[in-house]
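Residue-level structural notes
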Number of protein chains: 2
Amino acid sequence: MKRSAFFISDGTGITAETLGHSLLSQFRSIKFEQITIPYVDTQEKAHAVVAQINKIAAQDGKAPIIFDTIVNQDIRTTIANCKGFMIDIFSTFLHPLEEELQTSSSYTVGQSHAIVDESSYKIRIDAVHYALDNDDGARTRNYHEADIILTGVSRCGKTPTCLYLALQFGLKAANYPLTEDDMDDLKLPQVLNENKSKLFGLTIDPNRLTAIRSERKADTKYASARQCEMEVRAALAIFNKTNIPYLDATSLSIEEISTRILAATGIGRRLQG
Amino acid sequence: MKRSAFFISDGTGITAETLGHSLLSQFRSIKFEQITIPYVDTQEKAHAVVAQINKIAAQDGKAPIIFDTIVNQDIRTTIANCKGFMIDIFSTFLHPLEEELQTSSSYTVGQSHAIVDESSYKIRIDAVHYALDNDDGARTRNYHEADIILTGVSRCGKTPTCLYLALQFGLKAANYPLTEDDMDDLKLPQVLNENKSKLFGLTIDPNRLTAIRSERKADTKYASARQCEMEVRAALAIFNKTNIPYLDATSLSIEEISTRILAATGIGRRLQG
């Protein structure tokens, strides 16, 4: 079965998408054709959106599901006239919140993402540049500034996790790959030993690692099943021997790896949305 | 006025946080103390959360606001007994959706982020590595693979935007800084000329640029007001002269820059949440 779903906003559309994806993922028997339309901030755009929704509704023979976070009342009224099934996210929750908080909401266009707090912006950008500068063990002299240092074998997910931690939570995350030298003597490199309290390990299923590495460098020793197995086993031995907390990243998304690390370590966020 | 807010989930907590932040940002007169508790997936953890909420409720003298996306019914029942004001996100919307879609929802723990589709994972990781490898004009020979190439003066927001486009949308985004050489003759570098259809410019207020650069390299020519003004003016002249679409990034968040670029160019996402 196939249905269409729209995520519509007068801002970025991120809230409508995030909530919409979560809700739709609870209906696995249905395939959703998903369309995001952000910045619907004029009546002209709103009428164009209605026409698009109605066209899809006619094609599908079923009402598209509409998730909207439009704050402007007039634009929301226009959209509400479409032939879709409306999930009006803000109006559903803002009224009960207004009563509980005993105050009116400001209903400003795209407010959730529009206001750039300069200190938050700086925290975030600094964290991104920190992750870039301290990626892949390239530089270790700034580890004293790190909130966390990820370690593990090459291609187990360290780099994207560090970038996500930086962008989403403003954390300074470095990463250091364990290499064959470390594996020979099953010891932490000296620079990691000095920063042991900040270390967090990632491990991965050797077969998955083989597949990932083969995508990049097929038919090399680096991507071979034997090498991947040896490295993963050695990395695990090092984590266990040196009491480094670690996580199996095999079947986790970057969001899950990141949030599980925060939950496991108790490291606080530097940004709050 | 100060209130406490909790974002509680048996998964990552990202949906609860995203929606919660959007809703709370509509109440600007109130300062919210925000606490995220992900992976509440046992009764033991749920009871600990209730105790934590009740303690804060007693301290505040007001009910904390609880945004939850817990899928497990028993755990949700435990949490619902706390002394908080409950915004139960999933149950609010899943029932009407079940009726409209004429099917039951699967209510699986953390389903929205838990299922790692291997092809999506690969798209995402490849995009992140593409952004890293093609950051800051370091390499230009893979521009034929790019979905988009951002350009503009140093420190106008290109790098974090490319990484966000990669992580969030799976897009291959390169970036190329305009330097003084380009500014002397107000021409696009040859390598950009060859990929003109993929170019998108970012501009920034010169005063803001001066502040950003000064954080990094205070009292240098690079960070001087005069240099920043000259570079921004020259970059704008190049964008206008060569008909490159551009955006003023000064007061925009990374999410806004990214989603506005997609809206302006019509570039489609490679990932759908």
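Just so it is clear, the structure is predicted and the values come from calculations on it, not from any experiment. (Residues numbered from 1 in each chain as written. Chains lettered and ligands numbered in written order. Predicted model: local features only at pLDDT ≥ 70, side-chain atom pairs only at ≥ 80, totals over all residues. Heavy atoms only, no water.)

1. Quick look at the overall build of chain A
Within chain A one finds 12 helices and 8 strands. Computed over C-alpha atoms, the radius of gyration of chain A comes to 24 Å, more than 25% over the 19 Å expected from 2.2 N^0.38 for 273 residues, which places it beyond the range of a compact globule. Projecting the C-alpha coordinates of chain A onto the three principal axes gives extents of approximately 70 × 45 × 30 Å. Out of the 273 residues belonging to chain A, those deemed buried represent 55%. For chain A, contacts bridging at least 24 residues in sequence account for 71% of all contacts bridging at least 6. In chain A, 30 side chains carry a positive charge and 34 a negative one; their mean positions are 5 Å apart. (Helix = DSSP H or I, 4+ residues; strand = E, 2+ residues; numbered from the N terminus. Rg over C-alpha atoms; globule rule 2.2 N^0.38 Å. Buried < 20%, exposed > 50% of the residue type's maximum accessible area, 1.4 Å probe, protein only. Contact = heavy atoms within 4.5 Å. Lys, Arg positive; Asp, Glu negative; His and termini not counted. Charge placed at Lys NZ, Arg CZ, Asp CG, Glu CD.)

2. A few points about the pattern of salt bridges
Throughout the structure, instances matching the rule amount to 25 salt bridges over all chains. Glu215 of chain B is the partner of Lys122 of chain A in a salt bridge, and the nearest nitrogen-oxygen pair spans 3.5 Å. Of the two residues, Lys122 of chain A sits in helix α6 (residues 118–133) while Glu215 of chain B sits in helix α10 (residues 206–216), which places them in two different chains. When its relative accessible area of 32% is taken as the criterion, Lys122 of chain A is described as partly exposed. Judged by relative accessible area, Glu215 of chain B falls into the exposed class, the value being 52%. (Salt bridge = Lys/Arg side-chain N within 4 Å of Asp/Glu carboxyl O.)

3. Regarding the interface of chain B and chain A
Opposite the 83 residues of chain B that make contact, chain A presents 83 residues. For the pairing of chain B and chain A, the buried interface totals around 7,700 Å² over both sides, and the portion due to carbon and sulfur atoms is 64%. It is Gln26, Phe27 and Phe93 of chain B that lose the most area in chain B upon contact with chain A, and together they represent 9% of the buried surface on that side. Summed over the shared surface of chain B and chain A, the result is 8 salt bridges. Arg269 of chain B is the partner of Glu17 of chain A in a salt bridge, and the nearest nitrogen-oxygen pair spans 2.2 Å. Joining chain B to chain A, the criterion identifies 16 residue pairs in polar contact (both at pLDDT 80 or more). With 10 residues, the single largest contributor to the side of chain B that touches chain A is helix α4 (residues 89–101) of chain B. (Buried area = accessible area lost by both parts, 1.4 Å probe. Polar contact = N/O pair within 3.5 Å; in protein donor to acceptor, adjacent residues only side chain to side chain.)

4. Topic: the packing of helix α6 (residues 118–133) of chain B against helix α7 (residues 158–169) of chain B
Two quantities define a packed helix pair, namely the angle between the axes and the distance from one axis to the other. Residue and element names in this part refer to chain B. With their axes 7 Å apart at the nearest point, α6 and α7 run at an angle of 165° to one another. Considered as vectors, α6 and α7 are oriented roughly antiparallel to each other. For α6 against α7, the interelement crossing comes out right-handed. Every residue of α7 that contacts α6 at Arg124, Ala127, Val128, Ala131 and Leu132 is listed here: Cys162, Leu163, Ala166 and Leu167. By residue class, the composition of the contact of α6 with α7 is 8 nonpolar, no polar and 1 charged. (Axes fitted to C-alpha atoms, helices over the stretch in contact; angles between N-to-C directions. Parallel < 35°, antiparallel > 145°, perpendicular 65-115°, else oblique. Left-handed = near helix turned anticlockwise from the far one by under 90°. Nonpolar A, V, L, I, M, F, W, Y, C, P; charged D, E, K, R; others polar.)

5. Notes on the sheet that holds strand β1 (residues 2–8) of chain B
Residues and elements named next belong to chain B. The 4 strands lie next to each other as β2-β1-β3-β4, forming an open sheet whose pairing is parallel. Each edge of the sheet is formed by a strand with only one pairing partner; in this case those strands are β2 (31–37) and β4 (85–88). Pairs of neighbouring strands in the sheet enclose a mean axial angle of 20°, with direction left out of account. Pairing between β1 and strand β3 (residues 65–68): 4 bridges, direction parallel. Bridging across to β3, Ile8 finds its partner in Asp68. Lying on the sheet, α4 is in contact with β3 and β4; it crosses β4 at an angle near 40°. (Pairing = 2+ DSSP bridges.)

6. Regarding the sheet that holds strand β2 (residues 31–37) of chain A
Residue and element names in this part refer to chain A. Here 4 strands make up an open sheet; going across it, the order is β2-β1-β3-β4 and the pairing parallel. The strands lining the two open edges of the sheet, one partner per strand, are β2 and β4 (85–88). Adjacent strand axes in the sheet meet at a mean angle of 20°, parallel and antiparallel pairs treated alike. Inspection of the sheet shows strand β1 (residues 2–8) paired to β2 by 7 bridges, in the parallel sense. By the bridge assignment, Ser4 is partnered in β2 with Glu33. Against the sheet, helix α2 (residues 43–60) touches β1, β2 and β3 (65–68), its axis set at about 170° to β1.

7. Examining the relation of the copies chain B and chain A
Relating the two copies of this chain is a rotation about some axis coupled with a shift parallel to it. Laying chain B over chain A is done by rotating through 180° and shifting 0.0 Å along the axis; what remains is an RMSD of 0.0 Å. Those values place the two copies in the arrangement expected of a two-fold rotation axis. In this assembly, 100% of the residues forming the interface of chain B have copies in chain A that are likewise at the interface, indicating an isologous arrangement. (Least-squares fit on C-alpha atoms with pLDDT ≥ 70 in both.)

8. As for the environment of Gly13 of chain A
Within the fold, Gly13 of chain A resides in the loop between β1 and α1 (14–24). Here the alpha-carbon distance between Gly13 of chain A and Ile37 of chain A, two residues 24 residues apart in the chain, equals 6.9 Å.

9. Focus: the side chain of Asp182 of chain B
Residue and element names in this part refer to chain B. By the secondary structure assignment, Asp182 is in helix α8 (residues 180–185). No salt bridge is formed by the buried Asp182; its nearest oppositely charged neighbour, Lys187, is found at 9.9 Å. At 2.8 Å, the side chain of Asp182 forms a polar contact with the backbone nitrogen of Thr179. What Asp182 contacts, discounting residues up to four positions off in sequence, is Tyr176, Pro177, Lys187, Pro189 and Ile238.

10. Looking at the packing of α2 of chain A against helix α3 (residues 73–80) of chain A
Residue and element names in this part refer to chain A. Across the interface, α2 lies against α3 with an axial gap of 9 Å and an inter-helix angle of 20°. When the axes of α2 and α3 are compared, the pair comes out roughly parallel. As for how α2 packs across α3, the hand of that crossing is right-handed. In this structure, α2 uses Gln43, Ala46, His47, Val49 and Val50 to contact α3, whose residues at the interface are Asp74, Ile75, Thr78 and Ile79.

Keep in mind these values describe shape, not function.
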